[in-house]
Amino acid sequence: MKADLSPVIAATAQWLTCAYPASGGPMASALCEAQARQAVTVAARLRYPTPMDAALMGMAGPGGSARLDWITGADGTAAADPDGHAWRTWVDEVVASWAACLLTDPRLAEQAVTALAEDGDRTGGTPAEFRHLLAPDDHDRRAAALLRHPDLVAPVAVLHHPELLTRLTPGQAQAA
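What counts as what
- Residues numbered from 1 in each chain as written.
- Predicted model: local features only at pLDDT ≥ 70, side-chain atom pairs only at ≥ 80, totals over all residues.
- Heavy atoms only, no water.
- Helix = DSSP H or I, 4+ residues; strand = E, 2+ residues; numbered from the N terminus.
- Contact = heavy atoms within 4.5 Å.
- Areas by Shrake-Rupley, 256 points an atom, 1.4 Å probe, with all protein chains shown as cover.
- Axes fitted to C-alpha atoms, helices over the stretch in contact; angles between N-to-C directions.
- Parallel < 35°, antiparallel > 145°, perpendicular 65-115°, else oblique.
- Left-handed = near helix turned anticlockwise from the far one by under 90°.
- Core = buried A, V, L, I, M, F, W, Y, C linked by side-chain atoms within 4.5 Å.
- Buried < 20%, exposed > 50% of the residue type's maximum accessible area, 1.4 Å probe, protein only.
- Phe/Tyr/Trp six-rings, centres within 6.5 Å; stacked < 30°, edge-to-face > 60°.

(A) Fine view of the overall build of the chain. Each helix and strand counted, the chain has twelve helices and zero strands in total. The order of α-helices and β-strands along the chain, N terminus first, is α-α-α-α-α-α-α-α-α-α-α-α. Put simply, 81% of the contacts in the chain that link residues at least 6 apart link residues at least 24 apart. Carbon and sulfur atoms form 59% of the exposed surface of the chain, whose accessible area is close to 8,400 Å².

Here's what the structure looks like:
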């Protein structure tokens, strides 16, 4: 994993699991988090495919979760938890949207992981690395029922869905 993307991946995955939590105890929470983290990792690597892209994002910042919080109705969360505001500044809206798309569309998730390999992403991108994203079992599906529900995540997924499709179009690798 590109070290420069670690804060964005961690914060965006945390935002997704807070917005669409698991139910069923600690094991379900861990499985839900694994799926969110895998989807966010793929989305972040697609969004920031070069070290220069990651460095520029690190300088400018990813944008934060304010719009996502407003869309999901969690916009009062930061005020209620002042310590929670700091990590929310590292949430990337586009990455969250792309991850939501990948979690709800298995075909798109497969295309995205394939695109990482085709882009020469030397940091991974094998189907085995993304098993919870690409081939969720019954436990994974139950644990992430909210996170993988197309209707529930649609307000987030539709935000940047066209850009993801453009990014996954052959010959558009650097256009995103």
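Let's pick the thread back up.
(B) Broad picture of the packing of helix α2 (residues 26-47) against helix α8 (residues 106-118). Packing of α2 against α8 brings their axes to within 10 Å, and their N-to-C directions diverge by 50 degrees. The angle between the axes of α2 and α8 places the two elements in the oblique class. Where α2 crosses over α8, the two elements pack in a sense that is left-handed. Contacts between α2 and α8 pair V42, R45 and L46 from the former with A112, V113, A115 and L116 from the latter.

(C) Broad picture of the nonpolar core. V42, L46, L102 and L133 are the most contacted members of the largest nonpolar core, which has 48 residues in total. Listed by contribution, the elements that provide at least two residues to this core are α1 (6-19), α2, α3 (51-60), α7 (93-104), α8, α9 (131-134) and α11 (150-157). It is α7 that contributes the most residues to this core, nine residues altogether.

(D) Spotlight on the side chain of T17. Take T17: it is sitting in helix α1. Once you skip the residues sitting within four places of it in the chain, T17 turns out to touch C32, E33 and A36.

(E) Structural context of the packing of aromatic side chains. Taken as a whole, this structure holds one aromatic pair when the rule is applied. Seen in terms of ring centroids, W15 and Y20 are 6.4 Å apart; in terms of plane orientation they differ by 80 degrees. Their pairing is edge-to-face. Exposure remark for W15: the relative accessible area of 2% places this residue in the buried category.

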